[in-house]
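# Fold and contact review
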Amino acid sequence: MKPERLDKILAAQGGWSRKDVKALVSRGAVAVNGQTALRPEQKVDPERDQVTVEGRAVTLRRHIYLLLNKPAGVVSATRDPRERTVVDLVPEPLRRRGIFPAGRLDKDTTGMMILTDDGDFAHRILSPRNHVPKTYLARLDRPVTAEMETAFAAGIPLKDGDCLPARLERVEEDLARVTICEGMYHQIKRMFGVCGARVVALQRISMGGLELDGTLAEGECRELRKEELARIRG
Ligand code: URA
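In this report, we go over the structure that sits alongside the text. (Residues numbered from 1 in each chain as written. Predicted model: local features only at pLDDT ≥ 70, side-chain atom pairs only at ≥ 80, totals over all residues. Heavy atoms only, no water.)

## Here's the deal with the overall build of the protein chain
Defined as follows: The way it works is that DSSP assigns letters per residue, a run of H or I at least four long becomes a helix, a run of E at least two long becomes a strand, and they are numbered from the N terminus. When a residue's accessible area, from a 1.4 Å probe over protein chains only, is under 20% of the maximum for its type it is buried; when over 50% it is exposed; and in between it is partly exposed. Here, residues are in contact when the closest pair of their heavy atoms is within 4.5 Å.
Across its full length, the protein chain holds 6 helices and 17 strands. C-alpha extents for the protein chain along the principal axes are approximately 70 × 35 × 30 Å. By residue count, 45% of the 234 residues in the protein chain fall in the buried class. Taking the contacts inside the protein chain whose residues are at least 6 apart along the sequence as the reference set, 64% of them involve residues at least 24 apart.

Okay, here's the thing in structure tokens:
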């Protein structure tokens, strides 16, 4: 990682604004490697330097990456005047300025969602060109058929374009596991709609080779581990 300005990297951790950091530095409350910091613009290396604020060590991270188990009833947005959003579910210690959901799930869809403040990362995993696979469990209002499997594999035509070939596996009589590599609006529901079926419940269970963590209750989130991040980045 490149060295960063002390005020910028500390403010990015979420607890302080840049103005707060300036005030902390001017009253000698910030130290870098045991030396009192004298200037907020001083450069620090987030990987090597030890930074303390009022004597307490601060773990410096340039960005945050969270895995959320989205419950039904919340919207995939940063802010909403009426509805609860996925960002509202992030507890204070993990909440940072600029955090947003990388991709969207419908309000009634549950399951795996990544939240981050790293725009380049989000772009990379969402870009249709990168074909990051996303797997869903879809409960239908009727039995899963072999015809559906064939139609999904051929690429379902939607009015805004043909879908790429998708993999559909029957899990139970009315439950299918579906993997798609793109993210068109209401894609899974519309694909089943073309086959004459209605999706009554939809859950995303994996993204880019990373599975939804079974220990996360609906509404909970946790930071992604380094190796998980590497896996989803591909
Ligand atoms: N496809 C849908 O129809 N809805 C989602 O939330 C995700 C994929």
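After presenting the structure, the write-up continues.
## Details of the sheet that holds strand β2 (residues 30-32)
Heads up, the rule is: Two strands are counted as paired when DSSP detects at least two bridges linking them.
Taken together, the 4 strands give an open sheet; going across it, the order is β3-β2-β5-β6, and neighbouring strands pair in antiparallel fashion. Edge strands, defined here as strands with exactly one partner in the open sheet, are β3 (35-36) and β6 (56-58). Judged from the 3 bridges that link them, β2 and strand β5 (residues 51-53) form a sheet pairing that is antiparallel. Each bridged residue has a counterpart across the sheet, and for V32 the counterpart in β5 is V51.

## Concerning the packing of helix α3 (residues 119-126) against helix α6 (residues 226-233)
Condition: Each axis is a line fitted through C-alpha atoms, taken for helices only over the stretch in contact, and angles between the N-to-C directions span 0 to 180 degrees. An angle below 35 degrees is treated as roughly parallel, one above 145 as roughly antiparallel, one from 65 to 115 as roughly perpendicular, and anything else as oblique. Ten residue types, Ala, Val, Leu, Ile, Met, Phe, Trp, Tyr, Cys and Pro, are classed as nonpolar, four, Asp, Glu, Lys and Arg, as charged, and the remainder, Gly among them, as polar.
Packing of α3 against α6 leaves a shortest axis separation of 10 Å and a crossing angle of 50°. With respect to α6, the axis of α3 lies oblique. Counting all contacts with α3, which are made through F121, R124 and I125, the residues of α6 involved are L229, I232 and R233. Split by residue class, the contact of α3 with α6 holds 4 nonpolar, no polar and 2 charged.

## Concerning the pairing of strand β10 (residues 134-140)
Of all 7 residues making up β10, 5 are buried, and the element is well covered by its neighbours. Judged from the 6 bridges that link them, β10 and strand β14 (residues 175-180) form a sheet pairing that is antiparallel. By the bridge assignment, R139 is partnered in β14 with L175. With 7 bridges connecting them, β10 and strand β15 (residues 199-207) associate as antiparallel partners. By the bridge assignment, L140 is partnered in β15 with V199.

## Some details on the side chain of S206
Looking at where S206 falls in the secondary structure, it is placed in strand β15. Taking relative accessible area as the criterion, S206 reaches 10% and is therefore assigned buried. If we skip the residues at most four places from it in the chain, S206 touches M112, P133, K134, T135 and E211.

## Thoughts on α6
Definition in use: Throughout, the arc means that of the directions going from the helix axis to the C-beta atoms.
For α6, every residue scored as buried is listed here: E228, L229 and I232. Taken down its axis, α6 places every buried residue within 100° of arc, on the same side. Packed against the buried residues of α6 are β7 (65-70), β9 (110-116), α3, β15, β16 (210-211) and β17 (221-223). Positive phi appears at G234, one or two residues downstream of α6, with a value of about 75°.

## Considerations on the site of the ligand
Put simply, the test is: A cutoff of 4 Å decides nearness: a residue is near a molecule or strand if any of its heavy atoms lies inside that distance of it. Polar contacts here mean pairs of N or O atoms no more than 3.5 Å apart (in protein, one a potential hydrogen donor and the other a potential acceptor; neighbouring residues in sequence count only if both atoms are side-chain atoms). Under the convention used here, a 1.4 Å probe and the Shrake-Rupley method define accessible areas, while residue burial counts only the protein chains that appear. A pocket here means an open set of points on a 1 Å grid, computed over the protein atoms alone, that has protein on both sides within 12 Å along at least five of seven lines. A cavity is instead a set of points where a 1.4 Å probe fits but cannot get out; residues with an atom within 4 Å of a point line either one. In this scheme, a molecule is assigned to a cavity or pocket if more than half of its atoms are within 2 Å of the grid points.
Surveying the vicinity of the ligand reveals the residues L105, D106, T109, Y136, H186, Q187, I188, K189 and L202. Between the ligand and H186, the relevant distance is 3.3 Å, taken from an oxygen atom to a main-chain nitrogen or oxygen of the residue. When the free accessible area of the ligand is taken as 240 Å², the share hidden by the protein chains comes to 95%. In this structure, the ligand is accommodated by the largest pocket. Element by element, the count of residues in the shell around the ligand is highest for helix α5 (residues 187-194), at 3 residues. Among the residues making up the shell around the ligand, the classes are represented as 4 nonpolar, 3 polar and 2 charged.

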